[in-house]
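Commentary on secondary and tertiary structure
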Amino acid sequence: MHTLPGFAQDRVAAQSVLNPPATPLLTIDPYTSVWSFGNQLNGDATRHWTGQVQQLNGLIRVDGKTFRFMGKPSFVGETLVPSAERHAYQARFMTEKPVSDAWTKPDFDDSQWATGEGTFGSRTSDHTAWTTPNIYVRRTVMLDRVPDSPLLVNAIQNDNYELFINGERVANVAGVTPNYRLTPTHKSAAELLRPGKNVIAFHSENFSGPGFVDIGLVEERVLTDQAATQTSHRMTATQSIYTFTAAGVDLTVTFMAPLLMDNLTVLSRPVQYISYQIRSNDGKAHDVQLYTDVSSELAVNTPDQVVTWSRGRTGGGTGTRLDYMRAGTVAQEVLGRKGDDVRIDWGHVYVASAVEPGTSRRIGTLLSTRNQFEREGRVTDLHETMPRAVADSNGQAPRPVLATSINLGTVHSKSVERHLLIGYDDVKSVEYVGKPLNAWWRRDGNTTMEQALQDAEADYTRLKTACDAFDKKLYADALAAGGAEYASLCVLGYRQAIAAHKLVAGPNGEAFFFSKENFSNGSIGTVDVTYPSAPLFLLYNPTLLKGMMEPIFQYSESGRWTKPFAAHDVGTYPIANGQTYGEDMPVEECGNMLILTAALAAVEGNPRYARAHWATLTTWTDYLIKNGFDPTNQLCTDDFAGHIARNANLSVKAIMGIASYGYLAGRMGDKAREEEYLAIARDLARKWTKLAEDTSGGLRHYTLTFENPGTWSQKYNLVWDKLLKLKVFPDDVAKTEVAYYLTKQQPFGLPLDSRKTYTKSDWIVWTATLADRPADFQALIAPVLKFVNESPDRVPLNDWHETTDGRKVGFQARSVVGGYYIKLLEKRLAN
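Residues numbered from 1 in each chain as written. Predicted model: local features only at pLDDT ≥ 70, side-chain atom pairs only at ≥ 80, totals over all residues. Heavy atoms only, no water.

**Observations concerning the overall build of the protein**
Along its length, the protein carries 17 helices and 39 strands. Relative to the globule expectation of 28 Å for 831 residues, the C-alpha radius of gyration of the protein, 27 Å, shows essentially globular dimensions. Its C-alpha atoms put the protein at 80 × 75 × 55 Å along the principal axes. Looking at the protein residue by residue over its 831 residues, the buried ones come to 65%. For the protein, contacts bridging at least 24 residues in sequence account for 73% of all contacts bridging at least 6. Taken as a whole, the protein presents about 28,800 Å² of accessible surface, with 48% of it coming from carbon and sulfur. Considering the protein, the positive charge centre built from 85 side chains and the negative charge centre built from 92 side chains are found 3 Å apart. (Helix = DSSP H or I, 4+ residues; strand = E, 2+ residues; numbered from the N terminus. Rg over C-alpha atoms; globule rule 2.2 N^0.38 Å. Buried < 20%, exposed > 50% of the residue type's maximum accessible area, 1.4 Å probe, protein only. Contact = heavy atoms within 4.5 Å. Areas by Shrake-Rupley, 256 points an atom, 1.4 Å probe, with all protein chains shown as cover. Lys, Arg positive; Asp, Glu negative; His and termini not counted. Charge placed at Lys NZ, Arg CZ, Asp CG, Glu CD.)

Rendered as structure tokens:
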């Protein structure tokens, strides 16, 4: 056991238990991002981070017997309860919260409720108007028969819904889903429904934008095959590793994403690896073959889109020659789709492997390729009819896949290893000010996808060594900085934070690192997403943080953004032609940009980046001096909580923004301006302590809003006073707040503020970093890892959750978990 100074020995182990709610498999960018939800690689179909099925399937054949180790192929079966899209229906509804939970029960008297026709919403296409924050719906359906097959929910919503079937809560889905999406209930239809009368009840919430909800139920038909036994599952920063056993053979499957920030070409190269190690575990020799397929689902937004495919071979030069297969839509509308719950439908998905005996490939339907492998232990290159839709109108076959089989021959106790390359060529990545931009890896405009595959193959062994070394160092550094539970959070957030961005070459050849506001509204380059994400990139490559900030600076300096404060975003991913968010966050975004510019100067040891944008920073600082200290009714980064005036934490951000400007002036040699602006910030901080102080409850702390006793909030923005050593606020402010927070803990974390019991896990880590005592830091961090491990919602890590029961409230797969690295950043800046 490793112990740390100040940490109790019984609280910190060399390796804490990490049970990821979902595991990253392919993490190339916001579009090519495939995950295994839950902890069994063969327990469900693999999915895009949005939840849409994007299948990777794997089989191992041992001595003629086949076992499934990856994916769980299934097909949509009979519609049991149609959505309004398929069949009009009527239901009872109300918009005020029912007096008790009995409204979900079959015998509840809803005769006084209004009657409406689905869908319910505020859009012109919705049949029944819904414009309030909540709606409660009860729908009675009669069923002649109920199959004993898995039950799927087919729904659209904005923003959330929870579903009850005959009084049992079976689904809780967050986020915006404008297109109908299938979500598993993890129960059979027979467990929830019965012949005769059934009551489908659902509650939906709308936080902003148009509200809408509609729900139907369909059955899922699962292929019956034998699963290999998964014996372990672990994650490192850049790798996900699973082990299996089947018929006397051990199989290790590793997904490696070489997202190493010291090489931006490799970081942006859209190729990642699946490797396999196989050995006998019973002292006997075994005849072994492997099969992997990658679905054309990875190249469409919805399965009804038509795809075509082709094959090819790289030149090889002096290196290993590769055979590749690729698939993509016929339409190829490059950069033709934007939004949140969307997937790429231009460019091509690639699968490549070395040209060697025993390896064969086939592009065919999922069922035909699997069946051939199970019969023959191989796939053969048959010519299938194309083009064709990924799935028919009922969501069923054909599902064209890119399948590879590898004949390993006789396997003994010594491990045999093979690997595949999976890639995606998006042709053009982002549109910026009307101009399509290339991904960074093809910034010369000439590099082909075939060359990228060839380079990735040549780099495989080197990158495997580099990833192993980086993963060990990252964990060791995080362990030393914050303990084992903190280190696990850093491991979990690494790939997710990076893959929610796209690295492209800007109009002048500069690096632009565009974020996508995943599972929120799909904004591109959102400043208040950059802010919490920043610690990871400040640590490992500040160029990437500048690549997140530069489009905002250029937007202001071009004259296209004319307001005296920073924009919220530069568009909707992947179109970056100007802000599309409907409301400004003036104090929030000015403070964010100023603080992060100061952080860059601290990390890089020079103020060159600030000097390049000094006039803009000055304008934003002047705005904060006039408008930031006592904010008017407006949104902050926690916009889901709604508008709030006199926000004490937002005031802290404004004060820190002004102080950051003074800090930068000092770094630039302007000592008079440094003293002037730090004096302004310190004077405002003294006023802040008087307006926010609260002793009414017997335990001194600082309020949610000025002069509002009995309230409180996490003051996570204070962390920069500590990290940048600005000495703006009295030392006892942070100490007082931390002591108070420890009295407000819930089982799954510290609530965001006194209004609700939900929280943001990234802000908890920032708040914990305010603590001087390691034991206090650990006390605030431990419930966050408990949430990660035990949340009933097994999806890509969500940063907005309920602290009482660990349920997801909203968001998933967002870049803000890069904020977990702020404790490591503190350690770096302290040296």
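Further notes follow.
**Observations regarding the sheet that holds strand E14 (residues 168-173)**
Strand order across the open sheet formed by six strands is E8-E7-E11-E16-E13-E14, with antiparallel pairing between neighbours. Each having just a single partner strand, strand E8 (114-117) and E14 make up the two edges of the open sheet. On average, each strand axis in the sheet is inclined to that of its neighbour by 25°, with strand direction left out of account. Examined bridge by bridge, strand E7 (residues 90-94) and strand E11 (residues 134-143) share three bridges and lie antiparallel to one another. Residue Met94 lies in a different strand from E11, and its bridge partner there is Tyr136. (Pairing = 2+ DSSP bridges. Axes fitted to C-alpha atoms, helices over the stretch in contact; angles between N-to-C directions.)

**Quick notes on the sheet that holds strand E37 (residues 758-760)**
One open sheet holds the three strands; their spatial order is E37-E38-E39, and the pairing between them is antiparallel. Looking at strand neighbours, the two that pair on one side only are E37 and strand E39 (808-810), the edges of this open sheet. Going across the sheet, the axis of each strand differs from the next one's by a mean of 35°, ignoring polarity. Pairing analysis gives two bridges linking strand E38 (residues 800-802) to E39, with the strands arranged antiparallel. Opposite Trp800, over in E39, you have Gly810 as the bridge partner. Packing of helix H15 (residues 761-769) onto the sheet brings it into contact with E37 and E38, and relative to E37 it is tilted by some 70°.

**Overview of helix H6 (residues 527-540)**
Taking 1.5 Å as the rise per residue, H6 with 14 residues should run 20 Å; its terminal C-alpha atoms sit 20 Å apart, in good agreement. Taken as a whole, H6 carries its principal kink of about 55° at Ser533; the proline Pro535 stands between one and four residues after it. (Expected span 1.5 Å × (residues − 1). Bend = angle between axes of the 7 residues up to and from the residue.)

**Examining the pattern of salt bridges**
If you walk through the whole model with that rule in mind, you get 50 salt bridges. Between Glu376 and Arg375 there is a salt bridge, with the nearest N and O atoms lying 3.7 Å from each other. The salt bridge involving Asp799 is made with Arg814; its shortest N-O contact spans 3.0 Å. With Asp799 in the loop between helix H16 (774-790) and E38 and Arg814 in the loop between E39 and helix H17 (822-830), this residue pair connects regions lying 15 residues apart in the sequence. Exposure class is identical for Asp799 and Arg814. Each is buried. (Salt bridge = Lys/Arg side-chain N within 4 Å of Asp/Glu carboxyl O.)

**Observations regarding the environment of Leu635**
Residue placement: Leu635 occurs in the loop between helix H10 (614-627) and helix H11 (648-667). For the pair Leu635 and Ala645, spaced 10 residues apart in sequence, the C-alpha separation works out to 8.7 Å. If we ignore the near neighbours within four places in the chain, the residues touching Leu635 are Tyr581, Glu583, Met585, Glu588, Gly642, His643 and Leu650.

**Quick word on the packing of H6 against H15**
Closest axis-to-axis distance for the H6/H15 pair is 11 Å, and the angle between their directions is 60°. By the angle class used here, H6 and H15 are oblique. Relative to H15, the crossing made by H6 is left-handed. The residues of H15 that touch H6, namely those facing Tyr531, Pro532 and Pro535, are Asp762, Trp763 and Trp766. Of the residues belonging to the contact of H6 with H15, the class tally is five nonpolar, no polar and one charged. (Parallel < 35°, antiparallel > 145°, perpendicular 65-115°, else oblique. Left-handed = near helix turned anticlockwise from the far one by under 90°. Nonpolar A, V, L, I, M, F, W, Y, C, P; charged D, E, K, R; others polar.)

**Considerations on the nonpolar core**
Membership of the largest hydrophobic core comes to 211 residues, with the highest contact counts inside it found for Trp688 and Trp720. Sort the elements by how many residues they give to this core and helix H4 (residues 449-482) lands first, with 13 residues. Discounting residues that sit within four places of it in the chain, Trp720 has contacts with Tyr531, Leu538, Ile595, Leu596, Ala599, Met656, Lys725, Leu726, Trp766, Ile822 and Leu825. The next biggest cluster of nonpolar side chains, apart from the first, holds 30 residues, and it includes Phe93, Trp130, Val137 and Leu143. (Core = buried A, V, L, I, M, F, W, Y, C linked by side-chain atoms within 4.5 Å.)

**Things to note about the packing of H4 against helix H5 (residues 484-499)**
One way to put it is that H4 packs onto H5 with a least axis distance of 7 Å and a crossing angle of 140°. With respect to their mutual orientation, H4 and H5 come out oblique. Of the two possible hands of crossing, H4 and H5 adopt the one that is right-handed. Contact residues: Phe470, Leu474, Tyr475, Ala478, Leu479 and Gly482 in H4; Ala484, Tyr486, Ala487, Ser488, Cys490, Val491 and Tyr494 in H5. Residue composition of the contact of H4 with H5, by class: 11 nonpolar, two polar and no charged.

**Side note on unusual backbone geometry**
For the bond running from Gly118 to Thr119, omega is 5°, close enough to zero to count as cis. One can find Thr119 in the loop between E8 and strand E9 (120-121). Unlike most non-glycine residues, His186 shows phi in positive territory, near 65°. Along the chain, the position of His186 falls in strand E15 (residues 177-188). Even without being glycine, Lys725 reaches a positive phi, approximately 55°. You can see Lys725 is positioned in the loop between helix H13 (719-723) and helix H14 (731-741).

**Quick word on H16**
Across its 17 residues, H16 extends 24 Å between first and last C-alpha, which sits within 8% of the 24 Å expected from 1.5 Å per residue. Listed in full, the buried residues belonging to H16 are Asp776, Phe777, Gln778, Leu780, Ile781, Ala782, Pro783, Val784, Leu785, Phe787, Val788 and Asn789. On its buried side, H16 packs onto H4, H5, H14, H15, E38 and H17.

**Some words on the state of the cysteines**
For the structure on display, the rule yields zero disulfides. Sulfur of Cys467: no disulfide; nearest cysteine sulfur belongs to Cys490 and is 17 Å away. The thiol of Cys636 is unpaired, and the distance to the nearest cysteine sulfur, on Cys590, comes to 14 Å. (Disulfide = S-S within 2.5 Å.)

**Comments concerning the packing of aromatic side chains**
Evaluation of the coordinates by the stated rule reveals 48 aromatic pairs. Between Tyr242 and Phe244 the ring centres are 6.4 Å apart and the planes differ by 20°, which places this aromatic pair in the stacked class. When sorted by exposure, Tyr242 lands in the same class as Phe244, which is buried. Joined through ring pairs, the aromatic side chains of Phe69, Tyr242, Phe244, Phe255 and Tyr276 make up one cluster. The ring of Phe212 is capped by Arg123, whose NZ or CZ atom sits 4.0 Å from the centre of that ring. Above the face of the Phe811 ring, Arg814 is positioned so that its terminal group lies 3.9 Å from the ring centre. (Phe/Tyr/Trp six-rings, centres within 6.5 Å; stacked < 30°, edge-to-face > 60°. Lys NZ or Arg CZ within 6 Å of the ring centre and 35° of its normal.)

**Observations regarding the pairing of E11**
Among the 10 residues that make up E11, seven are buried, leaving the element largely enclosed by the rest of the structure. The sheet contact formed by E11 and strand E16 (residues 196-205) spans 10 bridges and is antiparallel. Looking at the pairing, Leu143 lines up with Gly196 of E16.

**A look at the confidence of the model for the protein**
Averaged over every residue, the pLDDT of the protein is 94; the share at 70 or more is 97%. In this model, residues 1-14 is a region of pLDDT below 50 whose contacts with residues beyond four sequence positions or in other chains number 31 contacts. (pLDDT = per-residue confidence, 0-100.)

**Here we look at the environment of Pro303**
Among the secondary structure elements, Pro303 is positioned in the loop between strand E22 (286-295) and strand E23 (306-313). Since its relative accessible area comes to 26%, Pro303 is described here as partly exposed. Leave out the neighbours within four places in its chain, and Pro303 touches Gln52, Ala389, Val390 and Ala391.

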